[in-house]
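Chain by chain, the residues:
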Amino acid sequence: MSGSARLLVVDDEPSLQDIVATSMRFLGYQVAVAGTGREAVRIATDSHPDLIILDVMLPDFDGLEVMKRVRAAGVDSGVVFLSARDTPADKIAGLTAGGDDYVTKPFGLEELAARVAAVLRRVKPDPADDGTLRVADLELDPETYQVTRAGVPIELAPTEYKLLRHLMVNANVVLSRQQLLDAVWGTDFYGDDSVVATYISYLRRKVDATGEPLIHTHRGFGYVLRGPRT
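Each chain carries its own residue numbering, running from 1 in the written order of its sequence. Reporting in this predicted model follows two pLDDT cut-offs: at least 70 for local features of residues, and 80 or more for side-chain atom pairs to be given and counted; totals over whole chains, interfaces and linings ignore these cut-offs and use all residues. Only hydrogens and water are removed before side-chain values are computed, so all heavy atoms of the structure are retained for them.

Looking at an unreviewed UniProt entry, the protein chain carries the name Two component transcriptional regulator, winged helix family, with the source organism given as Nakamurella multipartita.

Here it is in structure tokens:
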């Protein structure tokens, strides 16, 4: 899909704009760039990119205003916000304005690439994609709820399934305990976040029992599901 997806990278920091644009081009995306809100609105309304990587703080007006203007012009691109603002209120403002994801600075390019790919799967689905999630030899079919590794079925409890699905949707992205807690158990869950570690342990016994480990711990940060490094 990457070869046919068109991105617009909007950031007023030339070095960051160049790093992000270069990394996205390396992954096969077609990339345009903008350094101001007005330039971003003009390019987006002219070209209708599939996805906009949009800095919240711009020299003329902010990313939320950019999004408001491009939506008013009929542009339905996916939007991944970039911001140094990392409070829950800031994230909620971006997402409720219609953004698809919100990435806080500083960020890793691998994480940003994974989030861009995840948003593109939602906003620009591949007609040849059967919906099955795949990481290495692990497969999860959201239609049948069947999970297999190397073709061997894996029986999961409902919470284990939800946790694995979220890890697979965000493959290669390190997710904190709180992020997993909110996504799987819900924001109104008032239990201890140690439940996440408990269920990660359950998953490892089933998913990693017959092959190279796919679920990894990043101490002090969280957990990530990724394929074997080559």
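Next comes the rest of the account.
Undergrad: What exactly am I supposed to notice about the packing of aromatic side chains here?
TA: The description of an aromatic ring pair rests on the distance of the ring centres and on the angle between the ring planes. Only the six-membered ring of Trp is used, alongside the rings of Phe and Tyr, when aromatic pairs are assigned; centres must lie within 6.5 Å, and planes under 30 degrees apart are stacked while those over 60 apart are edge-to-face, with the rest tilted. Here the structure, examined in full by the defined rule, presents four aromatic pairs. Centre to centre, the rings of tyrosine 145 and tyrosine 161 are 5.2 Å apart; their planes meet at 55°, and the pair counts as tilted. One end of the pair, tyrosine 145, is in the loop between β7 (138-141) and β8 (146-149); the other, tyrosine 161, is in helix α6 (residues 158-169), and 16 residues separate them in sequence. Its relative accessible area of 9% is what places tyrosine 161 among the buried residues. Aromatic pair tyrosine 199 and tyrosine 202: ring centres 5.0 Å apart, planes at 75°, arrangement edge-to-face. In this pair, tyrosine 199 and tyrosine 202 are both assigned in helix α8 (residues 194-207), three residues apart and thus about one turn of the helix distant. A relative accessible area of 21% means that tyrosine 199 is categorised as partly exposed. Residue tyrosine 202 is classed as partly exposed on the basis of its relative accessible area, which comes to 30%. Each residue in the set Trp185, Tyr199 and Tyr202 is aromatic and connected to the rest through ring pairs, giving one cluster. In this scheme, Lys NZ or Arg CZ marks a charge over a ring once it lies within 6 Å of the ring centre and within 35 degrees of the ring normal. Across the ring face of phenylalanine 61, the terminal group of arginine 69 is positioned such that the distance to the ring centre comes to 4.1 Å. Helical segments are the DSSP runs of H or I of at least four residues, strand segments are the runs of E of at least two, and each set is numbered from the N terminus. Classification of residues uses two cut-offs on accessible area relative to the type maximum, computed with a 1.4 Å probe and protein chains only: under 20% is buried, over 50% is exposed, and between them is partly exposed.

Undergrad: How should the domain arrangement of the protein chain be read in this particular structure?
TA: Interfaces are often sized by the accessible area lost when the parts come together. In this entry, domain limits derive from an automatic or database-based domain assignment. Taken domain by domain, the protein chain holds domain 1 (6-123) and domain 2 (133-225). Between the C-alpha centres of domain 1 and domain 2 there is a distance of 28 Å. Contact between domain 1 and domain 2 buries roughly 450 Å² in total, counting both sides, with carbon and sulfur atoms accounting for 51%. By definition here, a salt bridge exists when the distance from a side-chain nitrogen of Lys or Arg to a carboxyl oxygen of Asp or Glu is within 4 Å. Counting the contacts that link domain 1 with domain 2 gives zero salt bridges. Any residue outside Ala, Val, Leu, Ile, Met, Phe, Trp, Tyr, Cys, Pro, Asp, Glu, Lys and Arg is labelled polar, Gly included; the first ten of those are nonpolar and the last four are charged. Of the residues in the side of domain 1 that touches domain 2, the class split is two nonpolar, no polar and four charged. A quick way to say it: buried area is the sum, across both parts, of accessible area lost when two parts are put together, with a 1.4 Å probe.

Undergrad: Even after reading the chapter, I still don't get the nonpolar core, so can you show me in this structure?
TA: The nonpolar side chains of soluble globular proteins are, as a tendency, buried together. We call a set of buried Ala, Val, Leu, Ile, Met, Phe, Trp, Tyr and Cys residues a nonpolar core when their side-chain atoms join them within 4.5 Å. The biggest cluster of nonpolar side chains holds 29 residues, and the ones touching the most others in it are Leu138, Leu164 and Leu225. Counting residues per element, the ones that place at least two in this core are β6 (133-135), β7, α6, α7 (177-185), α8 and β11 (222-225). By definition in these notes, contact holds between two residues if any of their heavy atoms fall within 4.5 Å. Setting aside residues no more than four positions away along its own chain, leucine 164 makes contact with Leu138, Leu140, Val147, Leu156, Leu203, Val207 and Leu225. Counting residues in hydrophobic clusters, the runner-up holds 20 residues, among them Ala5, Leu82, Phe107 and Leu112.

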